[in-house]
Each structure stands twice: as C-alpha cells, then as structure tokens.
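The lines below spell out each chain.
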Amino acid sequence: MANGVLVIFDQNAGDIRHVVLEMLTVARSLGKGPVTALTFGTDAAKTLPKLAEYGADRAVFWESYTQYSSDGFSAAIAQSFPQFDADVILFPANAWGKDLSARLSEVLGAGLATDCLHLEAEASGRVKAIRPVYAGKALAEVVINTPVQMFSLRPNINAAEVHHVNPEVLDIAPSVDPATFQAVVVERKEAQTGTIELTEADIIVSGGRGMKAPENFQLLDALAAALGAAVGSSRPVADEGWVPHSYHIGQTGKVVSPTVYFAIGISGAIQHLAGISGSKYIVAVNNDPEAPIFKVANYGIVGDLFEVVPRLTEEIKALKAQQ
Amino acid sequence: MKILVTVKQVPDTATKIQIRADGQGIHEEGIKWVINPYDEFAIEEALRIKEKHGGEVVVLALGPSRVEEAVRQSLAMGADRAVIVTTEGSVEPATAAHALAAICQQEGFDLIITGKQAVDDDSAQVGPMIAAGLGLPQVTVVIHLEVDEASKRLRAERELEGASEIVELPYPAVVTAQRGLNEPRYPTLPNIMKAKKKEVRRVTLESLSLPAQPWVTVNRLFEPPTRPEPTILSGDPAETAKELVRLLHNQAKVL
Ligand SMILES: Cc1cc2nc3c(=O)[nH]c(=O)nc-3n(C[C@H](O)[C@H](O)[C@H](O)COP(=O)(O)OP(=O)(O)OC[C@H]3O[C@@H](n4cnc5c(N)ncnc54)[C@H](O)[C@@H]3O)c2cc1C
Ligand SMILES: Nc1ncnc2c1ncn2[C@@H]1O[C@H](COP(=O)(O)O)[C@@H](O)[C@H]1O
C-alpha cells in the first residue's frame, strides 16, 4: 500500500518559496514512506538542488505544463496519482495551493485540511492536523477519514531543516494534453519588484490610522528598510488608498505569521488581530495606553509614533552597523 | 444568464468565540449572525451581471433554521429567489460542497459564484469542490470579472501573493469572490419588504442522500495559546526606543 508523502508546489524560474522547504521538512517528520516532490513549468528541474538539500527522496518535473490550469493540473495529478506511491499530499496554503488542492480533493475523493499549522503522524498512519478556525480565534484538531489525506501548510510556521539526499528524478509524464485545459492563466501581473511578500516576511512593519496621512508611511518605509522588513497596514488605511490593497492585514485581508510584527498606530481591533495572531512577537507603538493592541503585544511603547518611529529606525541602524 | 450564488451564515467578524467545554463547537448564544463577507461580494457580482445581461440570481444556502435571515438579506439585496438545504448538524466542507452541487444540478445555471472562503471554518474549499464535482472549470480569489456572452467565456483577474494573474475560461464555471471585486450594495427599505415575499424553497440535507461518512472530522476545538505578560515602556521617546531595541536584541533575540 502506498505510504509516501507527495509534496506539490509552484515554482518560478527555478526559485521556490521558503514554505516548500518547510513542507519538505514536515513531510519527513511524518516518518512515512518516500517524500516525492512535484512541480510544474519551465525551469521546474532547476529546483532539484534545493530539493536535494531539504530531503526530497524523489522528484517529478512537469515542464511541459507552462501555463497554470486548475482543472488541467488536477486531472493530470489524479491520473498519475497511483505512480506517486503516496497517501498523504501536502500543498502550500497560498493562492496557488488553495486553488489546486481544493479541486484535487474533490477529484481524488480525498479529504483536505486547509492552512494547517502543525501535522503529526499517529501510529495508525493517520495524520493529526492543527489548523486555525474563526480567523485564529480558535484552533481545531482535525483528522482526515479518506484513504488519501490532504493538507495545505501555512507559510512561516514550521522550521525548514537541511537534510541532504540525492533525489531520484522519476520519469512520470503528465497524461493530460494542455490543449484540453479549460481555465488557463494567460497573464501574470507582478507587484512592484523588491517588495517582500507579507505572508512570507520574517519582520513586518504595519501602520494604521494613527499614521494620519499617506505620506507618513515614509516613516515606516525607513524603519522597514533598516530592519529588512515588509510593510503592511490595517484595513481602513488600505480602504482610504493610503497604501495598496495588498498591504491590508487581518481577517478579511492577509494572514501573516512573521517572527516580529510591529503595529504602529493600530488600535488592535479583533479583525486586525485575526490576521496577526501567528506572529511570534508583537510590538506595538501607540499613544493610547488603553489601546487593545497592548493586550496582545509582547513589547510596547506608549508614545507618539511620530517621535518614536524615527528614533527606533536610528537605534536599529546603529545596532545593524555594529553587527 | 442564470447565476447561482452560495451564501453561508457566519458569526460576525467582531464576535468573540467561546469554545464549548466539550470542545465540539462554540457557544451560539449572543452571536450576531451575518452573511459571510466574501459572499456579499459574490451576491453583488451576480446582481451586476444580471443587470447587464438579464437573467436570474438564485441564492443557495445550507444550514439550520437561522440561515433564513441571511437568505432574506440576500434577497433584499436583489436576488430573485432562494433554495435552503436544511440541517441542524454541523457540516464539513465536503458535505456542504456535495449538497450544494446537487442543488446546482437540480437548478441548472450559467454561472456559480461562491465566496473565496467562509470566515468560520476558513476552508476555501467549497467553491473548487463544487466545480470539480460538476466537471466545471473554476477561477478563485477573483478581484475583477468580465463576462463575454457571445463566446460564453470569462476573463478574470485573481489575486496572488504580491501579484495577480489573468485567467480565461469558458462558462458554465465556478467563480469565487475576493474583496476588491466590487462594493456590495445595501438593501433599500422597499427591497427589504419585497424580499419577504420572494420564493424560498427548502430541501432537507437527508433527502439528497449523500454518503454519511464525513471526509474530515474535527476532534476538538481549543483556545490558541495565550501570550505572556507584555513589557510596556513609556516616557522619553529616545529612551523607550533605545530600550525596545535592546530588549528585541538581547531578550527576544530577534534582531
Ligand atoms: C467585516 C469587517 C472586517 C474587517 N476586517 C478587517 C481586517 O481584515 N483588518 C483590519 O485591520 N481591520 C478590519 N476591519 C476594521 C476593524 O474593525 C477596525 O476598524 C480597524 O482595524 C481599525 O484600524 P486602525 O487600527 O488603523 O484604526 P483605529 O482603530 O482608528 O486606530 C488608530 C490607532 O492609532 C493610535 N494613534 C493615533 N495617533 C497616534 C500617534 N500620533 N502615535 C501613536 N499612536 C497613535 C490611536 O490611539 C489608535 O489606537 C474589519 C471590520 C469589519 C466590520
Ligand atoms: N453551508 C454553506 N451554505 C452556503 N454556502 C456555503 C456553505 N459553506 C460554504 N459555502 C460557500 O463556499 C464558500 C467557501 O466556503 P469554505 O470552503 O467553507 O471556506 C463560502 O464563501 C460560501 O459561498
């Protein structure tokens, strides 16, 4: 009986997201059969060195699938599935992985747990997963009852551990002709280059209505530059157009899990907290000592952000200069 | 165009969640129930398509008797009629998708629009599962949608992390709505009155004879770990800034 783990992910010009390395580490930690990595598109095979470094026993590259199609990819994976020798499938819980995993779940008749924080194999081979529900206001322990168990993994929660192997590249060709794909990606619009993606950022500097005006976000850009951080925001400032919509963090925006989250001039409404509860450290700067953000913060400064933030930036620059 | 929109009733996003002592659910007393925020974008988009191309908008909901309120609100926004699949038990995404897909098949449609995710189970599964179950193409997390009736094709922009992509597909299809797709309208008083008289068909979940075994079982719900007592600094901005950086460097060891 198949007992391996299939790790399915997207790649771009041979680059893979950090979450893929986290997935490979989790896949190994389950202590099941071989870990097989499957990825798609031009330059898919260029991911091999990284897969070798993080412990993929086997790899499959479908380079002929240059344009993403949820129906095409899920049909092809389902047709080849017996050859992957797996009864657990892992996806990244990003837009790509959520789109494909949910569809594949129905095609394979396999239960799926979305956005898992933690996976653990039981003696029976069942995998127990912990996932947030109600936007992280509660956690759920779930198990999948179907023979094939599927999980998508939230980025930035699990460690990525180096484990050198020499992956065997399997010669399994996809059996679905791209000409039959129905929904097809025809164009990709990149955001500004050089910005760090919020859901993968290690440090985030986020501003709220306390910033008072769009031009004041320069203060946060400077702090973020000193820290090597990404910039985010509460919802109202994105709604006002002070910052792009992609900055919006919270229950109806992005869910982030950085090591450090700086909440600057953000009150800490429950919908905002829902997006940041996975942060290891929350640091708040707010001039209202009663602001709810201080109830969830690890560190806080009660003060005027316009006085505090520039000094923080200087202190961090000074620290980095010493290092 | 006949458009089906799935609407889930969920706790208001401002609700504090209280887990039952047995871990098998949440206390429902005092919860304010609302239309899932992403489903409001789905309803709005369906109404706009109908206004442009003509046709019908039918709301599909699944849940206990209280979901009627969310359904009436959807009808007050302008949907024409509704089908409610009634069940008192809690339902996992696969069962919801299979039940809703069965109703879609009964109804017939040109387009199905769901929310990108329900803000209670946060699964983001039901839309794609309906699509796969009915053999339809899908496009998820959509922030812009164009319908070409002549070629029966859709052109959609979907949001990715730090980027977006354009997807083209034929319809009938399933689209899942993301914030940014549109600005949902508020029901007007005359429409709230009209909504009371609109047709709501009820179907029991049992009558759909779906497989009994759920695909996913929630063993228990539990509280997220509480955060340790915070260290709050106040006083001179230069001093507090210096002290904060020292703490982050020496104590938390994250800088
Ligand atoms: C359905 C729904 C979904 C929502 N989803 C989200 C979501 O996903 N994300 C989200 O963020 N919100 C969301 N909201 C909105 C949320 O309820 C709050 O309104 C919002 O988070 C508040 O944003 P804020 O903290 O920037 O502004 P405010 O609440 O106005 O807080 C501003 C803070 O800045 C402080 N401040 C002011 N001046 C200074 C200064 N000079 N120095 C230091 N501090 C200062 C103030 O003390 C205050 O605490 C949602 C609401 C609803 C109804
Ligand atoms: N019980 C339900 N009744 C109606 N629609 C639902 C139900 N469950 C899920 N949906 C639809 O599917 C979307 C995604 O839900 P989920 O997969 O649970 O995150 C929601 O935004 C709804 O549009």
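Keep in mind it's a predicted model, so treat the numbers as computed, not measured.

**Looking at the interface of chain A and chain B**
Then, number 1: The partner chain B presents 82 residues to the 87 residues of chain A that form the contact.
Then, number 2: Summed over both partners, the interface of chain A with chain B comes to about 7,000 Å²; 56% of that surface belongs to carbon and sulfur atoms.
Then, number 3: Note that B:R220 is salt-bridged to A:E141, the shortest N-O span being 3.0 Å.
Then, number 4: Put simply, chain A and chain B have 41 residue pairs in polar contact (both at pLDDT 80 or more) between them.
Then, number 5: Per-element tally for the side of chain A that touches chain B: the top contributor is helix α4 (residues 95-108) of chain A, with eight residues.
Then, number 6: Taken together, the residues of the side of chain A that touches chain B sort by class into 42 nonpolar, 23 polar and 22 charged.
Then, number 7: In terms of strand pairing, strand β8 (residues 138-144) of chain A meets strand β12 (residues 216-222) of chain B through six bridges, oriented antiparallel.

**A closer look at the pattern of salt bridges**
Then, number 1: As enumerated under the stated definition, the model contains 32 salt bridges over all chains in all.
Then, number 2: Of the charged contacts, one joins A:D43 and A:K46 as a salt bridge, the two residues approaching to 3.4 Å between their closest N and O atoms.
Then, number 3: Judged by relative accessible area, which is 23%, A:D43 ranks as partly exposed.
Then, number 4: Between B:E107 and B:K2 there is a salt bridge, with the nearest N and O atoms lying 2.9 Å from each other. With B:E107 in helix α3 (residues 93-107) and B:K2 in strand β1 (residues 2-6), this residue pair connects regions lying 105 residues apart in the sequence.
Then, number 5: You can call B:K2 buried: its relative accessible area is 17%.
Then, number 6: A network of salt bridges, in which partner residues are shared, links B:K2, B:E56, B:R81, B:E107 and B:R201.

**Considering the domain arrangement of chain B**
Then, number 1: By domain assignment, chain B separates into domain 1 (2-207) and domain 2 (225-255).
Then, number 2: Each of domain 1 of chain B and domain 2 of chain B was reduced to a C-alpha centroid, and the two centroids are 45 Å apart.

**Looking at unusual backbone geometry**
Then, number 1: A cis amide bond, omega 10°, links B:Y171 with the succeeding residue B:P172.
Then, number 2: Relative to the assigned elements, B:P172 resides in the loop between β9 (163-170) and β10 (173-177).
Then, number 3: The phi dihedral of A:D115 falls on the positive side, at around 65°, and the residue is not glycine.
Then, number 4: Examined against the element boundaries, A:D115 turns out to sit in strand β5 (residues 111-116).

**Quick look at the packing of helix α3 (residues 70-84) of chain A against α4(A)**
All names here are of chain A.
Then, number 1: The geometry of α3 relative to α4 is characterised by a closest axis approach of 9 Å and an angle of 50° between their N-to-C directions. The angle between the axes of α3 and α4 places the two elements in the oblique class. The element α3 and its partner α4 pack so that their crossing is right-handed. Residue-level inspection shows S70, D71, F73, S74, I77, A78 and F81 of α3 in contact with α4, the latter providing W96, D99, L100, R103, L104, V107 and L108.
Then, number 2: For the contact of α3 with α4, the class distribution of residues is nine nonpolar, two polar and three charged.

**A short note on the site of ligand 1**
All names here are of chain A.
Then, number 1: The full set close to ligand 1 counts 27 residues, and K212, S234, S267, Q271 and N286 are the nearest of them.
Then, number 2: T252 places a side-chain nitrogen or oxygen 2.8 Å from a nitrogen atom of ligand 1.
Then, number 3: Relative to its unbound accessible surface of 980 Å², ligand 1 loses 79% to contact with the protein.
Then, number 4: Looking at the shell around ligand 1 residue by residue, the class counts come to six nonpolar, 16 polar and five charged.

**Details of the site of ligand 2**
All names here are of chain B.
Then, number 1: The local shell around ligand 2 holds 18 residues, among which T6, D39, A118, A124 and Q125 are the closest.
Then, number 2: A distance of 2.9 Å separates an oxygen atom of ligand 2 from a polar atom in the side chain of N36.
Then, number 3: In this structure, L62 approaches ligand 2 through a main-chain N or O atom, which is 3.0 Å from a nitrogen atom.
Then, number 4: Here ligand 2, which alone exposes 480 Å², has 98% of that area covered by the protein.
Then, number 5: Those elements that place two or more of their residues in the shell around ligand 2 are β4 (56-63) and β6 (111-115).
Then, number 6: If you tally residues by element for the shell around ligand 2, the top one is β4, at three residues.
Then, number 7: Of the residues that constitute the shell around ligand 2, the class distribution is eight nonpolar, seven polar and three charged.

**Describing the sheet that holds strand β9 (residues 149-153) of chain A**
Residues and elements named next belong to chain A.
Then, number 1: Spatially, β5-β9-β4-β1-β2-β3-β10 is the arrangement adopted by the seven strands of the open sheet, whose pairing is parallel. Two strands in the sheet have a free side with no partner beyond their single neighbour: β5 and β10 (168-169).
Then, number 2: Two elements, strand β3 (residues 58-62) and β10, share two bridges in a ladder whose sense is parallel. In the sheet register, R58 faces β10, and the bridge partner there is E168.

**Quick notes on the sheet that holds strand β11 (residues 184-190) of chain A**
Then, number 1: Read from one edge to the other, the open sheet built from ten strands follows the order β11(A)-β9(B)-β8(B)-β7(B)-β10(B)-β6(B)-β1(B)-β4(B)-β5(B)-β11(B), with strand pairing classed as mixed. At either margin of the open sheet sits one strand with a lone partner, and together these are β11 of chain A together with β11 (200-204) of chain B. Sheet twist, expressed as the mean angle between neighbouring strand axes with direction ignored, is 30°.
Then, number 2: Pairing of strand β5 (residues 81-86) of chain B with β11(B), which is carried by five bridges, proceeds in the parallel orientation. Paired with B:A82 across the strands is B:V200, a residue of β11(B).
Then, number 3: Where α3(B) meets the sheet, its contacts fall on β1, β4, β5, β6 and β11 of chain B, and the angle it forms with β4(B) comes to roughly 150°.

**Looking at the domain arrangement of chain A**
Residues and elements named next belong to chain A.
Then, number 1: Examined at the domain level, chain A breaks down into domain 1 (5-180) and domain 2 (198-322).
Then, number 2: Centre-to-centre separation of domain 1 and domain 2, based on C-alpha positions: 32 Å.
Then, number 3: If you look at the interface, domain 1 gives eight residues, while domain 2 gives eleven residues.
Then, number 4: Both sides of the domain 1 and domain 2 interface together cover about 840 Å² of buried area, and 44% of this is carbon and sulfur.
Then, number 5: A salt bridge links R17 to E200; the shortest N-O distance between them is 3.3 Å.
Then, number 6: Taken together, domain 1 and domain 2 are joined by five residue pairs in polar contact (both at pLDDT 80 or more).
Then, number 7: Considering only residue class, the side of domain 1 that touches domain 2 consists of three nonpolar, two polar and three charged.

Cut-offs applied
Residues numbered from 1 in each chain as written. Chains lettered and ligands numbered in written order. Predicted model: local features only at pLDDT ≥ 70, side-chain atom pairs only at ≥ 80, totals over all residues. Heavy atoms only, no water. Contact = heavy atoms within 4.5 Å. Buried area = accessible area lost by both parts, 1.4 Å probe. Salt bridge = Lys/Arg side-chain N within 4 Å of Asp/Glu carboxyl O. Polar contact = N/O pair within 3.5 Å; in protein donor to acceptor, adjacent residues only side chain to side chain. Helix = DSSP H or I, 4+ residues; strand = E, 2+ residues; numbered from the N terminus. Nonpolar A, V, L, I, M, F, W, Y, C, P; charged D, E, K, R; others polar. Pairing = 2+ DSSP bridges. Buried < 20%, exposed > 50% of the residue type's maximum accessible area, 1.4 Å probe, protein only. Domains from an automatic or database assignment. Axes fitted to C-alpha atoms, helices over the stretch in contact; angles between N-to-C directions. Parallel < 35°, antiparallel > 145°, perpendicular 65-115°, else oblique. Left-handed = near helix turned anticlockwise from the far one by under 90°. Near = heavy atom within 4 Å. Areas by Shrake-Rupley, 256 points an atom, 1.4 Å probe, with all protein chains shown as cover.

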